[in-house]
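# Geometric and topological summary
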Amino acid sequence: MNANLPLPAGEPPVSPRNDRGRVMRAFNLSLAFVLVLVAVFSAQGHFDWRPWAVAPLDKTGLLGILGAPLLHGSVQHLGANSIALLILGTLAGSVYPNATLRALPLLWIGSGLGAWLLGDIGSHHLGASGITHGLMFLVFVLGLLRRDRPAIAAGLIAFLFYGSMLITILPHEPGVSWQSHMGGALGGIVSALLFRLSDPMAPRKRYSWEDEDEDGYEMQRDGDLEPPSPTRVPVLWQPREGHDFVVLPFRRPDER
């Protein structure tokens, strides 16, 4: 057995009720984070938010690594990130609850470091889009690494909704922090490599035809892949003792 592959779960298959519970738990946590973002955005007009944004290559801007994902520049900016967080957060948290929880610090810090290291000097970077890119890359890469049915399905859903994030990690539009996108994406890839074994695979269903194939293989292996001897081959008739053969006379019509 390959030690690098996730081990099957030792518990019985998860019931649909437990599946719904995991989805609702992930959705509620994602919604709670979105509500925090809304509360912070509502208060941004009452304090100086610039020290909490990422200022590239500035020592004072390092504080923004912690605070920048909570800040947003407009309602549209907040709305786009909130929808992405609800979808990707629910998807990642329901399929990979342990890996997602462990990956969040890396996504958060990676988003800020990408902006701090690659951003233009004098600019300010803020927003949770780096975390959304990290979640998308986390789910997508885990689907490639694990390749079980839930992982593949989650990766396809993430790519269906936010496959364009594969492009937005590069410069494409002025005023958009592709640097934080790239940092979050790298955090998601690293997290997928580190935590791919954190959530065990669900037990795989076994079908009857697989057992039949294995039985046939075992029969061939027992015979060392050689044909059976003639004595073991069944025949349609058995000769009677003392009458191994019978000669039937045939006469020509002119001999009658």
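Computed from a prediction, not measured in an experiment: that's the story for all the values here.

Definitions and cut-offs
Along each chain, numbering runs from 1 in the same order as the chain's sequence is written. Owing to the predicted nature of the model, reporting of local features is limited to residues with pLDDT of at least 70; listing and counting of side-chain atom pairs is limited to 80 or more, with chain, interface and lining totals taken over all residues. The basis for the side-chain values is all heavy atoms of the structure; hydrogens and waters are excluded. Helix numbering and strand numbering both begin at the N terminus, where a helix is a DSSP run of H or I of at least 4 residues and a strand a DSSP run of E of at least 2. Only protein chains enter the accessibility calculation, which uses a 1.4 Å probe; a residue whose area is less than 20% of its type maximum is buried, one above 50% is exposed, and one in between is partly exposed. Surface accessibility in these figures is a Shrake-Rupley result with a 1.4 Å probe; residues are shielded only by whichever protein chains are displayed. For every residue, the predictor assigns a confidence score, pLDDT, that lies between 0 and 100. Every residue pair with non-hydrogen atoms within 4.5 Å of one another is taken to be in contact. The working definition used for a salt bridge is a side-chain nitrogen of Lys or Arg within 4 Å of a carboxyl oxygen of Asp or Glu.

### Looking at the overall build of the protein
A tally of regular secondary structure across the protein gives eight helices and zero strands. Taken from the N to the C terminus, the helices and strands of the protein come in the order α-α-α-α-α-α-α-α. Looking at the protein as a whole, 34% of its 256 residues are labelled buried. Within the structure as shown, the protein displays about 17,100 Å² of accessible surface, and the carbon and sulfur contribution to it stands at 64%.

### Regarding the confidence of the model for the protein
Confidence along the protein averages 83 in pLDDT terms, with 73% of residues attaining 70 or more. Considering each helix and strand of the protein separately, the mean pLDDT is smallest for helix H8 (residues 208-222), with a value of 55, and largest for helix H7 (residues 178-194), with 96. Here residues 5-14 is a poorly scored stretch, pLDDT under 50, and it has 15 contacts once near neighbours within four places are set aside; other chains count.

### Considering the pattern of salt bridges
For the structure shown, the criterion picks out two salt bridges. A salt bridge links Arg-50 to Asp-48; its shortest N-O distance comes to 3.2 Å. Of the charged contacts, one joins Asp-148 and Arg-146 as a salt bridge, the two residues approaching to 3.6 Å between their closest N and O atoms. Neither Asp-148 nor Arg-146 differs from the other in exposure class; each is buried.

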